[in-house]
Amino acid sequence: MKDIVLKKFEEVYGDSREAKVFFAPGRVNLIGEHTDYNGGHVFPCALTIGTYGVARKRNDRMLRFFSMNFEHLGVIESSLDDLVPSDNAGWTNYPKGVMWAFEERGMKLSCGLDILLNGTIPNGSGLSSSASVEVLTGAILREFFDFDVTNQDLALIGQYSENNFNKVNCGIMDQFAIAMGKKNHAIFLDTADLSFEYAPIALEGAKIVIASSNKKRGLGDSKYNERRSECETALAELQKEINIESLGDLDESAFEQHQSAIQSDVRRKRAKHAVYENQRTIRAVEALKNGNITEFGQLMNASHVSLRDDYEVTGIELDTLVEEAWKIPGVIGSRMTGAGFGGCTVSIVKDEAIDSFIEKVGQAYQQKIGYAADFYVVEIGDGPVVLS
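Description of the structure in this document. (Residues numbered from 1 in each chain as written. Predicted model: local features only at pLDDT ≥ 70, side-chain atom pairs only at ≥ 80, totals over all residues. Heavy atoms only, no water.)

Notes on the sheet that holds strand 9 (residues 206-212)
Next, step 1: Here we have four strands laid out as an open sheet, ordered 10-11-9-12, and antiparallel in their pairing. Only two strands of the sheet have a single neighbouring strand rather than two, namely strand 10 (331-337) and strand 12 (374-378). Across this sheet, the average inter-strand angle for adjacent strands is 20 degrees, counted without regard to direction.
Next, step 2: As defined by bridge partners, strand 9 adjoins strand 11 (residues 344-350) across seven bridges and the pair is classed as antiparallel. The residue bridging Ala-211 from the neighbouring strand is Thr-345, located in strand 11. (Pairing = 2+ DSSP bridges. Helix = DSSP H or I, 4+ residues; strand = E, 2+ residues; numbered from the N terminus. Axes fitted to C-alpha atoms, helices over the stretch in contact; angles between N-to-C directions.)

Quick notes on the pattern of salt bridges
Next, step 1: Scanning the entire structure with this criterion turns up 29 salt bridges.
Next, step 2: Between Glu-143 and Lys-20 there is a salt bridge; the shortest N-O distance is 2.6 Å. Taken together, the residues Glu-143 in helix 3 (residues 129-145) and Lys-20 in strand 1 (residues 20-29) connect sequence positions 123 residues apart.
Next, step 3: Judged by its relative accessible area of 31%, Glu-143 is partly exposed.
Next, step 4: The class for Lys-20 is partly exposed, based on a relative accessible area of 27%.
Next, step 5: Here Arg-268 makes a salt bridge to Asp-265, at a shortest N to O gap of 2.6 Å. Note that Arg-268 and Asp-265 are positioned in helix 8 (residues 265-289) at a spacing of three residues, about one turn of the helix.
Next, step 6: Shared partners join several salt bridges into a network, and the residues in it are Glu-226, Arg-227, Glu-230, Lys-269, Arg-270 and Glu-312. (Salt bridge = Lys/Arg side-chain N within 4 Å of Asp/Glu carboxyl O. Buried < 20%, exposed > 50% of the residue type's maximum accessible area, 1.4 Å probe, protein only.)

Remarks on helix 9 (residues 293-309)
Next, step 1: Here helix 9 contains 17 residues, and its C-alpha end-to-end distance of 25 Å stays within 8% of the 24 Å for a straight helix at 1.5 Å per residue.
Next, step 2: Of all the positions in helix 9, only Phe-296, Gly-297, Leu-299, Met-300, Ser-303, His-304, Ser-306 and Leu-307 are classed as buried.
Next, step 3: Looking at the packing, one finds that the buried side of helix 9 touches helix 8, helix 10 (315-326), strand 10 and strand 11. (Expected span 1.5 Å × (residues − 1). Contact = heavy atoms within 4.5 Å.)

Let's talk about the side chain of Ser-264
Next, step 1: The topology assignment puts Ser-264 in the loop between helix 7 (252-258) and helix 8.
Next, step 2: A polar side-chain atom of Ser-264 sits 3.2 Å from the main-chain amide nitrogen of Val-266. (Polar contact = N/O pair within 3.5 Å; in protein donor to acceptor, adjacent residues only side chain to side chain.)

Considerations on the packing of aromatic side chains
Next, step 1: Evaluated as defined, the whole model comprises 16 aromatic pairs.
Next, step 2: Note on Phe-43 and Phe-188: the rings are 6.4 Å apart at their centroids and 80 degrees apart in plane angle, and the pair reads as edge-to-face. On the criterion of sequence distance, the pair formed by Phe-43 in the loop between strand 2 (41-42) and strand 3 (44-57) and Phe-188 in strand 7 (residues 185-190) is long-range, its members being 145 residues apart. Both residues of the pair, Phe-43 and Phe-188, count as buried.
Next, step 3: Ring geometry for Tyr-365 against Tyr-371: centres 6.1 Å apart, planes inclined by 80 degrees, an arrangement best described as edge-to-face.
Next, step 4: Relative accessible area serves as the criterion here: at 0%, Tyr-365 is assigned to the buried category.
Next, step 5: Put simply, the rings of Phe-43, Phe-188 and Phe-296 pair up and form one aromatic cluster.
Next, step 6: The side chain of Lys-272 reaches across the aromatic face of Tyr-276, ending 5.3 Å from its centre. (Phe/Tyr/Trp six-rings, centres within 6.5 Å; stacked < 30°, edge-to-face > 60°. Lys NZ or Arg CZ within 6 Å of the ring centre and 35° of its normal.)

None of the figures reported here should be taken as evidence of function without further support.
Following this line, the structure appears as structure tokens:
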């Protein structure tokens, strides 16, 4: 892939001798969905698919962007003097947002850049292509301008840019999982204080399979912000009765004891998911540490049910993929992953069942939904790297 992106860079921009090649992964969350902005735990891992970038410094303040995933858009031009979001900027709002966020923190860019990207993450799939681009951009800026920032800083800057530049109220999980990824490990992250530990993923005789619904959706126009607002209101109502900082501070019994403080049935369901999902995630990591992959799979399944019934973010596409997966012998667990309303499911499937899983789930999905799903057998990889 390095040679492919360098060759394309030369086609688009000319000489690539002063260019460098970068990679930032995508991520999948194994369990712990919609908990990251509720002060709970998440359990994501970085993938070996992600975003490749080639960049070089310019001798002016111009910014030029080109994506091999959107070649028809050609080169999109901008400037360091025009770091404002706009509909016309399209996908370049993500790298521009990171540049803006660096400058907001006093790290000024001394010159413009020529940037080419090629993502191997399916666009709109829910595997965090936007966060991958954000972390990649941060890695590019750190390399070229010698900024003193850690990988964890890259995650926080990426989240800040998405919240404040792109106006998507995302939590920290996506950027953190991508920036802090470690091969063959998932990250057990407490989003309340960013304490974390790496947990080895030893799926003896099984693999992670991603199924992309191919239903396109953008976070900004989904009901993501609405769900976040519902949880914030529920928290405020609970705080009138008990002293908590976030929904993640509650366990199931405490929630059941105090849930009547929430004034709406809908908000009560949203808060219940946040509390119960957090506890599921804690138990799932413990099960994995004890080598109990069966229990881990059962908790994945329960996570999907909660996301379907209490949080209501699944939809017919994701429900079909998961419910068909549950029918296949050799599927240890399956659930939607990501924001929902389209995107992907994540399943743990025994090696001998993978072909059958892809065939049968794919056929059932095509028949019910009317178009095909795509399947990816994935591996867990490292965080961002400079390839040359």
